[in-house]
Amino acid sequence: MPLYRKRLRLVRGEGVYVWDEKGRRYLDLIAGIGVNVLGHAHPEWVLDMSRQLEKIVVAGPMFEHDEREEMLEELSHWVDYEYVYMGNSGTEAVEAAIKFARLATGRSEIVAMTNAFHGRTLGSLSATWKKKYREGFGPLVPGFKHIPFNNVEAAKEAITKETAAVIFEPIQGEGGIVPADEEFVKTLRDLTEDVGALLIADEVQSGLRTGKFLAIEHYGVRPDIVTMGKGIGNGFPVSLTLTDLEIPRGKHGSTFGGNPLACRAVATTLRILRRDRLVEKAGEKFMEFSGERVVKTRGRGLMIGIVLRRPAGNYVKALQERGILVNTAGNRVIRLLPPLIIEGDTLEEARKEIEGVLNDIL
Ligand SMILES: Cc1ncc(COP(=O)(O)O)c(C=O)c1O
């Protein structure tokens, strides 16, 4: 098997495919790590974005604009939170969530989960678990503690009247595509309510992909704050923090947050997702992988983790060699976050190819 010393150089994309500098085509099952939900260069999205470029790009957060209203209207079809704060990346959405929780409760303690990933700025990094991401950047933000993910007893012990918020991913993404247990999520909701703390669902990776707008909807639980990013603008850098908490104007903000081009990206993405029923359809596309080296398949909809008996890195390289792009989530998990427009047949063919590679390569 050839070793890749050089990383693949991508030059363009169309639909579920991308091309490298030599003109070779790849099936893109990772889509910018879960970003291009409508696929690459979606004609309608491109047209809307180009028209917007000619119209107005940034207005400044102190002005109203039609694009914001259009985006809020589209969002109202999916969620019923009172306020949305707009940032430019997942980590900013999480920073806002942490700040809002502290401000609203007057408490500072944030409870996060082992194996969690919430971003790489100092606040979100303090909620992120892995040593590799944290070490060398200390001291991190005080007031964060981690409990074992999916451990009800640990949650009962950790969540107290000191807790401002509990933050968790309904399906852990970077941590290996690990869904939260139903009992655990319900316990988090009950306990936070009991002690006057807030529940934050980080849906930056799990949003849009599982058959519902938010993965947390599968649990019948309503968080106090939800963060979204990645695919919400189909590739334009934009993120959302949704909440009913009223944060005084000017207390938090961003130069680029909620600019007309970002609102256009979200409004158009949501319009197409809704019209083409892409979120619902994603829920039906989950598939199990089998083979001697496969322990199990985890996830929901088009957020899929193939858990292997051995490190996944070499398989990712071998798949790239055969024209399929995936990546890892943790050491032994192959992660698939394909565009939601992917056809069942294409996915089925990819499954056979992936299983073939998993069986072939020693
Ligand atoms: C659950 C979750 N939260 C937050 C982030 C951070 O998002 P970004 O890389 O856009 O800052 C990620 C990124 O992978 C994520 O998966």
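Looking up the protein in UniProt gives the name Putative [LysW]-aminoadipate semialdehyde/glutamate semialdehyde transaminase, with the organism given as Thermococcus kodakarensis.

A. Molecular detail of the site of the ligand. Inspection of the region around the ligand gives Ser89, Gly90, Thr91, Phe117, His118, Gly119, Glu169, Glu174, Asp202, Val204, Gln205 and Lys230 as its neighbouring residues. In the environment of the ligand, an oxygen atom lies 2.8 Å from a nitrogen or oxygen atom belonging to the backbone of glycine 90. At 2.7 Å, a side-chain N or O of aspartate 202 approaches a nitrogen atom of the ligand. Protein burial of the ligand: of its 390 Å² of free accessible surface, 82% is covered by the chains. Of the residues in the shell around the ligand, the class split is 2 nonpolar, 6 polar and 4 charged.

B. Region of interest: the sheet that holds strand β7 (residues 163–168). The 7 strands lie next to each other as β4-β12-β11-β10-β7-β5-β6, forming an open sheet whose pairing is mixed. Unpaired on one side and paired on the other, β4 (83–87) and β6 (144–147) mark the two borders of the sheet. Each neighbouring strand pair of the sheet contributes to a mean axis angle of 20°, computed without reference to strand direction. By the bridge criterion, 4 bridges tie strand β5 (residues 109–113) to β6 in an arrangement that is parallel.

C. Up close: the confidence of the model for the protein. Taken as a whole, the protein shows an average pLDDT of 96; of its residues, 98% reach a score of 70 or greater. The ipTM, which scores confidence in the relative placement of chains, is 0.99 for this predicted complex, and the corresponding pTM is 0.97.

D. Region of interest: helix α8 (residues 182–195). With 14 residues, α8 should cover 20 Å at 1.5 Å per step; its first-to-last C-alpha distance of 20 Å lies within 8% of that length. Inspection of α8 places Phe184, Val185, Thr187, Leu188, Arg189, Leu191, Thr192 and Val195 among the buried residues, and these make up the whole buried set. Buried positions along α8 lie against β5, β6, α7 (152–158), β7 and β10 (198–202).

E. Layout of the domain arrangement of the protein. Once the domains are mapped, the protein shows domain 1 (10–33 + 285–360) and domain 2 (43–276). In this assembly, 16 residues from domain 1 lie in contact with 16 residues from domain 2. For the pairing of domain 1 and domain 2, the buried interface totals around 1,400 Å² over both sides, and the portion due to carbon and sulfur atoms is 61%. Counting every contact that joins domain 1 to domain 2 gives 1 salt bridge. A salt bridge links glutamate 174 to arginine 335; the nearest nitrogen and oxygen atoms lie 2.8 Å apart. The interface formed by domain 1 and domain 2 includes 8 residue pairs in polar contact (both at pLDDT 80 or more). Looking at the side of domain 1 that touches domain 2, the elements that each hand over two or more residues are β13 (294–300), β14 (303–308) and β17 (333–336).

F. Expanded view of the UniProt feature "binding site: pyridoxal 5'-phosphate" in the protein. The residues that UniProt annotates with the feature "binding site: pyridoxal 5'-phosphate" are Gly90, Thr91, Phe117, Asp202, Glu203, Val204, Gln205 and Thr255. With a sequence span of 166 residues, these residues are also far apart in the fold, their greatest C-alpha distance being 25.6 Å. Note that phenylalanine 117 resides in the loop between β5 and α5 (122–127). The buried category is assigned to phenylalanine 117, whose relative accessible area is 18%. With respect to the element layout, valine 204 can be found in the loop between β10 and β11 (225–228). Dropping the residues within four chain positions of it, valine 204 is found in contact with Gly90, Thr227, Met228, Gly229 and Lys230.

The rules behind each value
Residues numbered from 1 in each chain as written. Predicted model: local features only at pLDDT ≥ 70, side-chain atom pairs only at ≥ 80, totals over all residues. Heavy atoms only, no water. Near = heavy atom within 4 Å. Polar contact = N/O pair within 3.5 Å; in protein donor to acceptor, adjacent residues only side chain to side chain. Areas by Shrake-Rupley, 256 points an atom, 1.4 Å probe, with all protein chains shown as cover. Nonpolar A, V, L, I, M, F, W, Y, C, P; charged D, E, K, R; others polar. Pairing = 2+ DSSP bridges. Helix = DSSP H or I, 4+ residues; strand = E, 2+ residues; numbered from the N terminus. Axes fitted to C-alpha atoms, helices over the stretch in contact; angles between N-to-C directions. pLDDT = per-residue confidence, 0-100. Expected span 1.5 Å × (residues − 1). Buried < 20%, exposed > 50% of the residue type's maximum accessible area, 1.4 Å probe, protein only. Contact = heavy atoms within 4.5 Å. Domains from an automatic or database assignment. Buried area = accessible area lost by both parts, 1.4 Å probe. Salt bridge = Lys/Arg side-chain N within 4 Å of Asp/Glu carboxyl O. UniProt positions renumbered as here; feature names shortened; annotations may be inferred.

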